[in-house]
Amino acid sequence: MRPPLELTSVPAWAVEPTSAPADLSGRQWTVLAIGPDAAAVADRWVAEIAGRHPGARPWVHLVDDAEAACTALDDDLTRAVVGWRLLITGSAHDCLRVRARALELGAADDEITVASTDVDTRTVFCAHCRAVTTAVVGLSETVPCTGCGRELFVYYHVSRRLGTHLGFATAASYRGTT
């Protein structure tokens, strides 16, 4: 049984690719485009910002992965002022990780805009061994854990702190001695 998405912690952009407009309420922007498919969204956002705020110069980073995006985010936040906004585009699993880093650094949800380009790949946190498995898997499907080998059910929960989906064993097993 699928719960209504709005009753879960899974953002809608992590289930369906989105094309969110730029947040034009700010006065300073970081645009993070993760992967080649994200460049077009970043270009559109920069054009939207320029249309509303002539002369604005958003910090734009076209990067290959979430790690590079987090590095750029760390650097930009050292220069951020009141009115800073974060615009992230790329695969949902990369965006979740970067969003988690932004929240860790003190950004608020209302300062972050996300547009996902791909939602097929998920990063799943194992509730049993704490390993993280990245795989093409849907919500409420299963994936073998790369840490303990258990078959994990991908639950409708996203950790804001880790930027991962929750996975837990679909079959109980006891490994103790008798």
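Here is what the cut-offs are and how they apply
- Residues numbered from 1 in each chain as written.
- Predicted model: local features only at pLDDT ≥ 70, side-chain atom pairs only at ≥ 80, totals over all residues.
- Heavy atoms only, no water.
- Helix = DSSP H or I, 4+ residues; strand = E, 2+ residues; numbered from the N terminus.
- Buried < 20%, exposed > 50% of the residue type's maximum accessible area, 1.4 Å probe, protein only.
- Pairing = 2+ DSSP bridges.
- Right-handed = clockwise from strand over helix to strand, strands pointing away.
- Axes fitted to C-alpha atoms, helices over the stretch in contact; angles between N-to-C directions.
- Contact = heavy atoms within 4.5 Å.
- Core = buried A, V, L, I, M, F, W, Y, C linked by side-chain atoms within 4.5 Å.
- Parallel < 35°, antiparallel > 145°, perpendicular 65-115°, else oblique.
- Left-handed = near helix turned anticlockwise from the far one by under 90°.
- Nonpolar A, V, L, I, M, F, W, Y, C, P; charged D, E, K, R; others polar.

K.L.:
What is the right way to look at the environment of glycine 83 in this model?
P.N.:
Tracing the backbone through its elements, the reader meets glycine 83 in the loop between α2 (66–77) and β3 (84–91). Under the relative-accessibility criterion, glycine 83 is labelled buried at 18%. Between the alpha carbons of glycine 83 and glycine 26 there is a distance of 4.6 Å; along the sequence they are 57 residues apart.

K.L.:
When you look at the pairing of strand β4 (residues 112–118) in this model, what are you seeing that I'm missing?
P.N.:
As a general feature of sheets, a regular strand has side chains that alternate between the two faces. Summarising burial for β4: five of the seven residues are buried, a large majority. By the bridge criterion, six bridges tie β3 to β4 in an arrangement that is parallel. What sits directly across from leucine 86, in β4, is isoleucine 112. With helix α3 (residues 92–104) bridging β3 and its parallel neighbour β4, the resulting β-α-β unit is right-handed.

K.L.:
What exactly am I supposed to notice about the sheet that holds strand β8 (residues 151–159) here?
P.N.:
Within a beta sheet, neighbouring strands are joined by backbone hydrogen bonds and run either parallel or antiparallel to one another. Read across the sheet, five strands follow the order β6-β5-β9-β8-β7 without closing on themselves; strand pairing throughout is mixed. Each edge of the open sheet is held by one strand with a lone partner, namely β6 (132–136) and β7 (142–144). Strand after strand, the sheet turns through a mean of 45° between neighbouring axes, direction not considered. Judged from the five bridges that link them, β8 and strand β9 (residues 164–169) form a sheet pairing that is antiparallel. Following the sheet pairing, valine 154 is matched in β9 by glycine 167. Packed on one face of the sheet, α3 meets β5 (121–126), β6, β8 and β9 and runs near 50° to β5.

K.L.:
Please clarify how the nonpolar core should be interpreted in this entry.
P.N.:
Leu86, Ile88, Val98 and Ile112 are the most contacted members of the largest nonpolar core, which has 38 residues in total. Those elements that place two or more of their residues in this core are β1 (28–34), β2 (59–63), α2, β3, α3, β4, β5 and β8. Among the elements that line this core, the one with the most residues is α3, at six residues. Apart from the residues within four sequence positions on either side, isoleucine 88 is in contact with Leu32, Ile34, Trp45, Cys95, Val98, Arg99, Ile112, Thr113, Val114 and Ala115. In this structure, Ala20, Val31, Ala42 and Ile49 belong to the second largest nonpolar core, which totals 13 residues.

K.L.:
Which parts of the structure should I look at to understand the pairing of β2?
P.N.:
Only one face of β2 is buried, namely the one carrying Trp59, His61 and Val63, since none of Val60 and Leu62 on the opposite face is buried. Judged from the five bridges that link them, β1 and β2 form a sheet pairing that is parallel. When the sheet's bridge partners are listed, valine 31 is paired in β2 with valine 60. Handedness of the crossover is the feature at issue here: the chain leaves β1, passes through helix α1 (residues 39–52), returns alongside β2, and the resulting connection is right-handed.

K.L.:
So what exactly am I meant to see when it comes to unusual backbone geometry here?
P.N.:
Backbone geometry follows two general trends: most residues other than glycine have a negative phi, and most peptide bonds adopt the trans configuration. Here arginine 130, not a glycine, exhibits a phi torsion of approximately 70°, which is positive. Tracing the sequence through the fold places arginine 130 in the loop between β5 and β6. Its identity as a non-glycine residue notwithstanding, serine 140 has a phi of 65°, on the positive side. Residue placement: serine 140 occurs in the loop between β6 and β7. For serine 140, a relative accessible area of 35% gives the class partly exposed.

K.L.:
Explain the packing of α2 against α3 here, please?
P.N.:
Interhelical geometry of α2 versus α3 gives an angle of 25° and a closest axis separation of 9 Å. The angle between α2 and α3 falls in the class roughly parallel. Judged by the sense of rotation from one axis to the other, the crossing of α2 with α3 is right-handed. Residues Ala66, Glu67, Ala69, Cys70, Leu73 and Asp74 of α2 lie in contact with α3, whose contacting residues are Asp94, Arg97, Val98, Arg101 and Ala102. Residue classes in the contact of α2 with α3 are distributed as six nonpolar, no polar and five charged.

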